[in-house]
Amino acid sequence: MSEDPVEVPRPDFSLEDVRREGLIAPAGTEPAAHDGTGRVRLSFQVRDTSGAVTDREVRVPPGVSVFDSASWNGIAIDSTCGGHGTCHKCKVRLSSASPVTRHDERTFTPSELDQGWRLACLVQATRDLEIQVPPLTTRPKAATVGVGRQVILRPAVQKRYVELEEPTLSDQRPDLARLLDAIDDLEPVPDLYALRRLPSVLRQSGFKVTAVVVDEALIDVEPGDTSAIRYAIAFDLGTTTVVATLLDLETGTPVSVASSLNRQQPFGGDVISRISATMLDARALDRLRDAAHETLVQLTEEVCTSGGVDPAHVYEVALAGNATMTALALGVDPEPLGVAPFVMATDRPTGLLAADLGLGLHPRARAVVFPALGAYVGGDIVAGMLATGMDRDKRTRLFIDVGTNCEIVLSDGDTILSTAAPAGPAFEGGAIRCGMRAADGAIEVVRLLGPDNSEPVGVQVIGDVKPRGLCGSGLVDAVAELVRVGLLDGSGRFVTDEVAAERAPAIADRLTRIGEERVFVLHREADDALPEESVFLSQRDVRELQFAKAAISTGWSLLVGELGIDPRDVQQVLLAGSFGSYLSPASAVRIGLVPKLPVLRIVSAGNVAGEGAKMALLSIRERAGATTLLEEVRYVELSDRSDFNDRFVEQLAFGS
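In what follows, the accompanying structure is described. (Residues numbered from 1 in each chain as written. Predicted model: local features only at pLDDT ≥ 70, side-chain atom pairs only at ≥ 80, totals over all residues. Heavy atoms only, no water.)

Quick word on the pairing of strand E5 (residues 129-133)
Each regular strand displays side chains that alternate between the two surfaces of the sheet. Because side chains alternate across E5, one face comprises the buried residues Leu 129, Ile 131 and Val 133, and the other comprises Glu 130 and Gln 132, none of which is buried. As judged from the five bridges shared by strand E1 (residues 40-47) and E5, these two strands associate in the parallel manner. Its bridge partner being in E5, Gln 45 is matched across the sheet by Gln 132. By the bridge criterion, two bridges tie strand E3 (residues 91-94) to E5 in an arrangement that is antiparallel. Bridged to Arg 93 within E5 is Gln 132. (Buried < 20%, exposed > 50% of the residue type's maximum accessible area, 1.4 Å probe, protein only. Helix = DSSP H or I, 4+ residues; strand = E, 2+ residues; numbered from the N terminus. Pairing = 2+ DSSP bridges.)

Written as structure tokens, this is what we have:
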């Protein structure tokens, strides 16, 4: 990406629009309006996780938000809402005073506000500013392996070592014919790249060469015997997290694995935000594509370096992602995915090279992109179904990939149904007051009133460091535990102080208020610490989780109804994805996120999308099976259901 400053467009809303929505302080508190001419200089000091600071200066039109100014110039500021003022994640520190919005007051303590901390999306660049950007979480806790199946090793990448007779006046066969005659079990068609290399490689190697074949294509001829050297990379391209696995195709074993935050995150934490970005700015599609490519390139470099593998020996990649992530990675306009009737450009991208994804591997390395069932049940879910054998198992099984957009698959052994439910960003920590991604400092497990009340509030923190916030699994645990001990009623409302003192006296003092809002304090540095200086769960946070879990449970309950079965007939629930891997089955049952079943029937499936991508690289038979799934699965569109709203309301109660 160029280091030259990139001019950004003006916001598509007026200051008055923003004030009317309550995102900015009343008139008279903001700096004097700029005359709209010239440029504003913003000096960013970007700190990474090692403590190193990078200085970047950009010049932008006046009136642009600090968040947009950073995003469009390649400076990543944490966010899950894409700069719309709702997630409270884009925290920066300003060098000079700036108006304090009510959203700033909800996010920062008075001391932090005095120190210049603000939400970047709510600060307009009306004058030159120096801005400190805290480290971005680029290593979220992610599931890198998942439930899979044994496969017969038969990759599309094949190598054949041959020792050829040199041409003579009595044997003037073309070089290609000479090579193909020596390969008696394959009939490949040569790429132009291979033809161009063939004459020189044959003669430089004394006609002892290795033919490299992918599917039906001869993509290269390598000097000497390299038949035991063939690699591929499987990518799980998630909206939040991307996982790469380097595979040795000779043995079928993983060599190295790495994960990273998707660099598209400044455009929003969900697919709708990113689709919207492309609709609002014609240049956003290219930037989103480049951000996806940069993420894939970074991970490729990491796994190849870690595995000691030359990238030129990687001959194939597989990509499993939802329909929007796939479209953006390919540079395909995603707008039709975001508006009814939600249409994909294609459900089966074919004929792709790894170079089309920005990857510098073997020049003719192929890219296999998983087919999609629909706009909101994409290739990652097809890969997950392939890995878990949803079309092979005769049991009644429920597959749930829990995330911002939740995909659900139900099979009774004969019929397979799928749907998608808009769960929102709560499970990623978005829209949660103390929410954060699953990174160091995030509370991921909560237990209240342990045995003998020896530990009234017990928490487990990722990285074994001081708690900084609450990630998705911790959020579900916290709510489930509060329901269990009786501090949250079935409607999701905190009980009164009197009831709390009666039901749970050991922790009743943690149920308090910040302003007018009821909160429960999960962690405080000292007994006399103020609630707003602690990690807490607010009433509004509970509502956010309530809506998310209701969307998901409505989805699977409608599929259960479609098959005419009872939820208790489900023999196995597979919780997929990074979030599903760390979610407590007992907590999921208690709040009604999954059917009321014995916890032993609920399995953390892990990164099954990545497992499916690996299977497609290791076996051409499994790859064909992924395409077959498109014909076997019926998609159920929830927005068409007249009973959706009624079911949704029914599912709002915890434990429903």
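Points about helix H8 (residues 284-307)
Over its 24 residues, H8 runs 34 Å from end to end, which matches the ideal 34 Å to within 8%, given 1.5 Å per residue. Gly 308 lies just past H8 and shows a positive phi near 65 degrees. (Expected span 1.5 Å × (residues − 1).)

Quick notes on the side chain of Gln 539
Along the polypeptide, Gln 539 turns up in helix H14 (residues 539-563). In terms of polar contacts, Gln 539 uses its side chain to reach the backbone amide nitrogen of Phe 494, at 3.0 Å. The residues contacting Gln 539, other than those within four sequence positions of it, are Gly 492, Arg 493, Phe 494, Glu 517 and Arg 518. (Polar contact = N/O pair within 3.5 Å; in protein donor to acceptor, adjacent residues only side chain to side chain. Contact = heavy atoms within 4.5 Å.)

Structural notes on the sheet that holds strand E23 (residues 517-523)
The strands that make up a sheet pair up through hydrogen bonds in the backbone, lying either parallel or antiparallel. A sheet is described by the order of its strands in space; here three strands give the open sequence E22-E23-E24, paired in antiparallel fashion. Each edge of the open sheet is held by one strand with a lone partner, namely strand E22 (511-514) and strand E24 (535-538). Strand-to-strand twist across the sheet, computed as the mean angle between neighbouring axes with direction ignored, equals 50 degrees. Taken strand by strand, helix H12 (residues 472-485) contacts E23 and E24, and its axis lies near 65 degrees from that of E24. (Axes fitted to C-alpha atoms, helices over the stretch in contact; angles between N-to-C directions.)

Re the pairing of strand E12 (residues 253-261)
Here strand E11 (residues 241-248) pairs with E12 via eight bridges, running antiparallel. By the bridge assignment, Thr 245 is partnered in E12 with Val 257. In textbook terms, the turn of a hairpin is the stretch between consecutive antiparallel strands, and for E11 and E12 this stretch comprises four residues, one of which, Gly 252, has a positive phi near 80 degrees.

Here we look at the packing of aromatic side chains
How two aromatic rings sit relative to each other is set out by the distance from centre to centre and by the angle between their planes. Enumeration over the complete set of coordinates arrives at four aromatic pairs. Ring-pair connections join several aromatic residues into one group, and the members of that group are Phe 547, Phe 644 and Phe 648. (Phe/Tyr/Trp six-rings, centres within 6.5 Å; stacked < 30°, edge-to-face > 60°.)

Some thoughts on the sheet that holds E11
Strand order in the open sheet formed by six strands is E12-E11-E10-E13-E15-E14, and the pairing between neighbours is mixed. At either margin of the open sheet sits one strand with a lone partner, and together these are E12 and strand E14 (352-353). Across four bridges, the pairing between strand E13 (residues 314-321) and strand E15 (residues 366-369) is parallel. Considered in E15, the bridge of Leu 319 is made with Val 369. Along the sheet, helix H17 (residues 608-618) contacts strand E10 (231-237), E11 and E13; its crossing angle with E10, the most-contacted strand, is approximately 150 degrees.

Regarding the pattern of salt bridges
One pass over the structure, following the stated rule, counts 36 salt bridges. Glu 57 serves as the salt-bridge partner of Arg 41, at 3.2 Å between the closest nitrogen and oxygen. Taken together, the positions of Arg 41 in strand E1 and Glu 57 in strand E2 (residues 53-60) put the pair 16 residues apart, joining distant regions of the chain. In this structure, the salt-bridge partner of Asp 643 is Arg 641, at a minimum N-O distance of 3.2 Å. By relative accessible area, Arg 641 is classed as partly exposed at 22%. When salt bridges that share partners are traced, they join Asp 171, Arg 173, Arg 178 and Asp 181 into one network. (Salt bridge = Lys/Arg side-chain N within 4 Å of Asp/Glu carboxyl O.)

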